[in-house]
Amino acid sequence: MSYNLYNIAFYNVENLFDTINDPHTWDDDRTPEGKDLWTMEKYEDKIKNISRVISEIGHDSTKTAPAVIGLCEIENLTVLEDLVNHPNLAPFNYKIVHYDSPDKRGIDVALLYQASLFTVHHSEPKPLMINYLDDENRRFYTRDQLLVSGSLKGENVNLIINHWPSRGEGIEETNYRREKAAMLNKEIIEELYHKDPKAKIISMGDFNDGPNSKSFKEILQTNSNIALIDEQQLHNPMEIMSQKGKGSVAHRDEWHLFDQILISDSFVGNVEGLQFYDAKIFSMPYLISLSGQYQGFPFRSYDFDGYTGGFSDHFPVYISLIKHD
């Protein structure tokens, strides 16, 4: 029996900004005159680096780039257009789904998809409404969750792209924000199930929470054991990776698996059409820092000494879906 593999990926690309100062966002650091001295040369180098990574994710198994890839920490549509038009990615004819979010830094989530493999039927941003705990009348502005519904090689698939609030102000102090994000994610998923109880759903992103956090285990009620998964329950293949000490990002000098891809039960077990095959962290040697404070961790674009010429402070993650002919 013959089969085909399709890779679904996610990548936090670490502040992919253009060099233009947007007066409506806090992007001043990423300008030629700003703290990061963000010049066109550095920007073009960043585009080259990120496009190379995307082009190589899962290439060994499919001989192509990911069918779809969710991104976060991108500034606007312009940087996405520069990214997909770079010679590293141009052959794959990636199309873009993007909406500006209300994030105060101006960073958004987005989806790239190979037009020959995926067709978009519907897309919309889902606002994450959070207020500050100490001021219920003041909104905490953060990224929307992006819902994209379409067909992957003729089969309906729903994708949710996430970038949940960070831990920058402390884990305990910010838990409520990620729990709110999990609740929104659950609402989106329940809406999809209301339309189709057998819906195929993939929720991916930088969740800024590990697989065993309350947001996953109590709110989204994820399950790492395929054999014990219930109907309309989410399977989290990254949970087992995390238990083995694997990570996608270094937070306070420890590995964490904040970048995850969750899949609905309709992808696992004895199902027709697209089925879950495996999940991986894309951590090629060239993506790992060889020296300095972040030795052994992702080779980031900036460290405390300034611009490094690296890639991102996160590794990409991806899953493979298999479809038998």
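Described below are features of the structure shown in this document. A quick note: this is a predicted structure, and the numbers were derived from the prediction, not measured. (Residues numbered from 1 in each chain as written. Predicted model: local features only at pLDDT ≥ 70, side-chain atom pairs only at ≥ 80, totals over all residues. Heavy atoms only, no water.)

### A word on the pattern of salt bridges
Evaluated as defined, the whole model comprises 19 salt bridges. Of the charged contacts in the structure, one is a salt bridge between Lys-46 and Glu-14, with a shortest N-O distance of 3.9 Å. In this pair, Lys-46 is assigned in helix H1 (residues 40-56) and Glu-14 in strand E1 (residues 3-16), connecting sequence segments 32 residues apart. We classify Lys-46 as buried; its relative accessible area is 1%. (Salt bridge = Lys/Arg side-chain N within 4 Å of Asp/Glu carboxyl O. Helix = DSSP H or I, 4+ residues; strand = E, 2+ residues; numbered from the N terminus. Buried < 20%, exposed > 50% of the residue type's maximum accessible area, 1.4 Å probe, protein only.)

### Considering the layout of surface pockets
Taken as a whole, the largest pocket holds about 1300 Å³ of empty space. If you go around the largest pocket, you meet 44 residues; those closest to its centre are Asn-15, Glu-73, Arg-105, Ser-166 and Asp-313. Elements supplying a minimum of two residues to the lining of the largest pocket: E1, helix H4 (171-195), strand E12 (249-251) and strand E16 (302-303). In terms of residue class, the lining of the largest pocket is built from 11 nonpolar, 12 polar and 21 charged. Forming the boundary of the second largest pocket are 15 residues, of which Asn-156, Val-157, Asn-158, Asp-196 and Ala-199 lie nearest the centre. Looking at the lining of the second largest pocket residue by residue, the classes come out as four nonpolar, six polar and five charged. (1 Å grid on protein atoms, 1.4 Å probe; cavity = no way out; pocket = protein on both sides within 12 Å on 5 of 7 lines; lining within 4 Å. Points joined across faces, edges and corners; volume = space filled by probe spheres on them. Nonpolar A, V, L, I, M, F, W, Y, C, P; charged D, E, K, R; others polar.)

### Let's talk about the sheet that holds strand E5 (residues 118-126)
Read from one edge to the other, the open sheet built from six strands follows the order E5-E8-E9-E10-E14-E11, with strand pairing classed as mixed. Of all the strands in the sheet, just E5 and strand E11 (234-235) have a single pairing partner and so form its edges. Sheet analysis places E11 next to strand E14 (residues 259-264), joined by two bridges and oriented antiparallel. Bridge pairing links Leu-234 to Ser-264 in E14. (Pairing = 2+ DSSP bridges.)

### Let's talk about helix H3 (residues 77-85)
Buried within H3 are the following residues: Val-79, Leu-80, Leu-83 and Val-84. Buried residues along H3 cover an arc of 130° about the axis, so they all sit on one side. Its buried side turned inward, H3 meets E1, H1, strand E2 (68-74), strand E3 (94-98) and strand E4 (108-114). Sitting at the amino-terminal end of H3 is Asn-76, which places a side-chain oxygen 3.2 Å from the backbone nitrogen of Thr-78. (Arc of directions from axis to C-beta. Contact = heavy atoms within 4.5 Å. Polar contact = N/O pair within 3.5 Å; in protein donor to acceptor, adjacent residues only side chain to side chain.)

### What to know about a negative patch on the surface
A cluster of acidic residues, Glu-41, Glu-44, Glu-81 and Asp-82, forms a negative patch on the protein surface. Those elements giving two or more residues to the negative patch turn out to be H1 and H3. (Patch = residues over 30% accessible without salt bridge, like charges linked within 9 Å, V, L, I, M, F, W, Y side chains within 5 Å. Areas by Shrake-Rupley, 256 points an atom, 1.4 Å probe, with all protein chains shown as cover. Lys, Arg positive; Asp, Glu negative; His and termini not counted. Charge placed at Lys NZ, Arg CZ, Asp CG, Glu CD.)

### Considering the sheet that holds E1
Spatially, E3-E4-E2-E1-E18-E15 is the arrangement adopted by the six strands of the open sheet, whose pairing is mixed. Here the strands that pair on one side only, and so sit at the sheet edges, are E3 and strand E15 (275-281). In this sheet, neighbouring strand axes are inclined to one another by 20° on average, regardless of whether the strands run parallel or antiparallel. Two elements, E2 and E4, share six bridges in a ladder whose sense is antiparallel. (Axes fitted to C-alpha atoms, helices over the stretch in contact; angles between N-to-C directions.)

### A short note on the environment of Ala-110
Following the sequence through the fold, Ala-110 ends up in strand E4. Note on Ala-110: relative accessible area 0%, which makes it buried. A sequence separation of 51 residues divides Ala-110 from Ile-161, and the C-alpha atoms of the two residues are 7.1 Å apart. Excluding anything up to four places from it in sequence, Ala-110 contacts Ile-69, Gly-70, Leu-71, Ile-74, Leu-80, Val-97, His-98, Leu-146 and Ile-161.

### Some thoughts on the side chain of Asp-18
Position of Asp-18 among the secondary structure elements: in the loop between E1 and H1. For Asp-18, which is buried and forms no salt bridge, the nearest opposite charge comes from Arg-30, at a distance of 9.9 Å. A distance of 3.0 Å separates a polar atom in the side chain of Asp-18 from a polar atom in the side chain of Asn-76.

### Description of the pairing of strand E7 (residues 135-140)
As paired strands, strand E6 (residues 130-132) and E7 are joined by three bridges and run antiparallel to one another. Paired with Tyr-132 across the two strands is Asp-135, which belongs to E7. Where E6 folds back onto E7 in an antiparallel hairpin, the turn is made up of two residues.

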